[in-house]
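Chain residues, written in single-letter form:
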Amino acid sequence: MAKMGWMARAALVSVLLAASGAASAYTTTGNGWNTPQGVTEISAKVYDLHLLIFWVCVAIGVLVFGAMTYSIVMHRRSVHPKPADFHESTTVEIVWTVIPFLILIGMAIPAAGTLIKMEDTRGAELSVKVTGYQWKWQYEYLDQGVGFFSTLHPDSNKARQVGSGIDPTTVPNYLVEVDEPLVLPVGKKVRFLITANDVIHAWWVPDLAVKKDAIPGYVNEVWTKIDKPGTYRGVCAELCGRDHGFMPIVVVALPEEEFGKWLEARKAGQPYRLAAAAPTQAADVPPAAAAQPAPAGEQVAAAPATAASAGELSKAELMAKGEQVYKANCAACHQANGAGMAPTFPPLAGSKMANGPAEAHIAQMFTGKMMPSFRHLSDADLAAVATYERNSWGNTGSIVQPAQVAALRK
Ligand code: HEC
Ligand SMILES: [Cu+2]
């Protein structure tokens with residue numbers, strides 16, 4: 001074979017590097033050249049299966065292309081001007097039917113074993129409902145009464161806007177970071193109930209070897225048991241509309257005890273803070289009240305956030321949190337500047353409700369008429385977003401505390 005020129009070689013290497021780089025950009029256990037081994041028993045099995053099938057393909061490829069090349073070279077017209085003229089050999093036909101059959105059986109046995117294991121959600125110790133939305137994920141811990149939305153991190157979101165002027169390479173974990181990750185315990189069997197609220201999405205985290213369609217009206221089941229604490233990233237894997245590329249997944253796996261602490265804190269309305277992902281804070285938040293980024297792998301959530309008495313939040317805290325909740329949940333219809341979109345979506349700037357009694361405002365978020373209900377948000381999130389609406393765009397409403405929301409939650 002002719003020697004490959006250095007240019008061709010460089011081109012091949014860079015194509016391979018680019019391809020592997022794209023595939024491994026957000027896996028923790030990938031080596032850049034292969035599918036990741038992952039951090040679960042199933043992901044290890046999937047990896048082994050992948051390599052097994054890969055080598056079977058390589059062997060078949062070498063044999064088939066070897067035979068073909070040999071025939072083409074050794075039986076070319078200049079050597080054999082008169083082609084052989086034979087037809088039908090029963091023996092050959094039986095051989096080339098039986099061999100592929102055996103190869104298929106040989107691959108199906110380990111594959112079926114792994115598939116059956118993947119589907120076996122029995123004995124799960126924790127159930128999380130995962131709902132895909134255009135364009136975010138919702139996580140609900142079914143027996144713990146905890147639930148929240150997980151959306152693209154504000155830093156990535158800002159940088160991705162056309163003409164943002166922000167160099168994406170300066171944004172940590174660009175497009176694979178979220179405002180609040182899914183937190184899971186290590187060493188526990190976690191069952192996911194995966195569905196969607198609008199169109200088909202797919203929940204995919206390569207390091208867990210979990211990839212399942214999220215289909216409106218269906219609940220798909222899948223499970224994982226993570227062996228190693230860490231942060232594992234994924235993306236929506238089903239083309240789901242304009243912002244399909246902007247609904248990443250982040251799973252933080254914590255040792256059991258830390259997970260328990262997180263759960264308690266989350267029940268009290270404290271979201272998990274990723275190290276590199278302190279949400280952008282409103283300028284008027286005093287440093288003591290602002291949630292500080294935690295050192296890698298640690299959670300701030302467990303620590304009491306402020307000196308405020310249990311459950312009570314300061315106005316600055318409510319405003320900062322409220323702005324995030326508003327941007328993630330309300331701005332699509334009511335607009336970031338509160339101006340709404342006539343005629344369907346009323347302005348909140350100057351709105352009677354936002355300037356009137358808090359009760360009606362809270363009730364509106366629980367049961368809108370045309371507006372979807374937001375009762376799945378936590379008391380703290382609803383209190384914060386109400387406070388934010390009541391004190392932005394010239395509005396002069398009272399502040400709302402989580403307890404007020406809780407009292408009206410029926
Ligand atoms: C899908 C669009 C949509 C989203 C998202 C949405 N709203 Fe609404 N909102 C409406 C519509 C439509 C109305 C008109 C009344 C109704 O249908 O209930 C409304 C009315 C309101 C009103 C009453 C305004 C007035 O003075 O009459 C408030 C307050 C409000 N929304 C708050 C929120 C909050 C808080 C959020 C986010 C948590 C939110 N909305 C998200 C569509 C939306
Ligand atoms: Cu999607």
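Residues numbered from 1 in each chain as written. Chains lettered and ligands numbered in written order. Predicted model: local features only at pLDDT ≥ 70, side-chain atom pairs only at ≥ 80, totals over all residues. Heavy atoms only, no water.

So, the coordination of the copper ion (ligand 2)
Each protein donor to the copper ion (ligand 2) is listed here as His201 (ND1), Cys236 (SG), Cys240 (SG) and Met247 (SD); together their distances run 2.0 to 2.6 Å. Geometry at the copper ion (ligand 2) is tetrahedral, judged from the four donor atoms that bind it and their angles of 94 to 128° at the metal. Spacing between the donor residues of the copper ion (ligand 2) along the chain follows H-x34-C-x3-C-x6-M. In this pair, Cys236 is assigned in strand β9 (residues 230-236) and Met247 in the loop between β9 and β10 (249-254), connecting sequence segments eleven residues apart. With respect to burial, Cys236 and Met247 carry one shared label: buried. (Donors = N, O, S within 2.8 Å, 3.2 Å for Na, K, Ca; no water. Tetrahedral: all angles 85-135°; square planar, octahedral: opposite > 155°, others 65-115°. Helix = DSSP H or I, 4+ residues; strand = E, 2+ residues; numbered from the N terminus. Buried < 20%, exposed > 50% of the residue type's maximum accessible area, 1.4 Å probe, protein only.)

Structural notes on the coordination of the iron atom of ligand 1
Only His334 (NE2) and Met371 (SD) from the protein reach the iron atom of ligand 1 as donors, at distances of 2.0 Å. With six donor atoms in place around the iron atom of ligand 1 and angles of 86 to 179° between them, the coordination shape is octahedral. Note that His334 is positioned in helix α7 (residues 331-334) and Met371 in the loop between α9 (358-366) and α10 (379-390), a separation of 37 residues in sequence. Classification of His334 as buried rests on a relative accessible area of 9%. The class for Met371 is partly exposed, based on a relative accessible area of 22%.

Quick notes on the site of ligand 1
The environment of ligand 1 is formed by 21 residues, the closest being Cys330, Cys333, His334, Ser351 and Met371. Ser351 is positioned with one of its side-chain polar atoms (N or O) 2.6 Å from an oxygen atom of ligand 1. Measuring from an oxygen atom of ligand 1, one finds a backbone N or O atom of Met371 at 3.1 Å. Among the elements that take part in the shell around ligand 1, α9 stands out by supplying three residues, more than any other. Across the shell around ligand 1, the residue classes tally to eleven nonpolar, seven polar and three charged. (Near = heavy atom within 4 Å. Polar contact = N/O pair within 3.5 Å; in protein donor to acceptor, adjacent residues only side chain to side chain. Nonpolar A, V, L, I, M, F, W, Y, C, P; charged D, E, K, R; others polar.)

Overview of the sheet that holds β9
Read across the sheet, five strands follow the order β4-β10-β9-β6-β7 without closing on themselves; strand pairing throughout is mixed. The strands lining the two open edges of the sheet, one partner per strand, are β4 (182-185) and β7 (210-214). Direction aside, neighbouring strands of the sheet carry axes that sit 25° apart on average. Pairing of β9 with β10, which is carried by five bridges, proceeds in the antiparallel orientation. Within β10, the residue paired with Tyr232 across the bridge is Val251. (Pairing = 2+ DSSP bridges. Axes fitted to C-alpha atoms, helices over the stretch in contact; angles between N-to-C directions.)

As for unusual backbone geometry
Between Gln134 and the following residue, Trp135, the backbone shows a cis peptide bond with an omega angle of 5°. Position of Trp135 relative to the elements: it lies in the loop between β1 (126-133) and β2 (136-141). With an omega dihedral of 0°, the bond running from Ala342 to Pro343 counts as a cis peptide bond. One non-glycine residue, Trp393, lies in the positive phi region at around 55°. Its place among the elements puts Trp393 in the loop between α10 and α11 (402-408).

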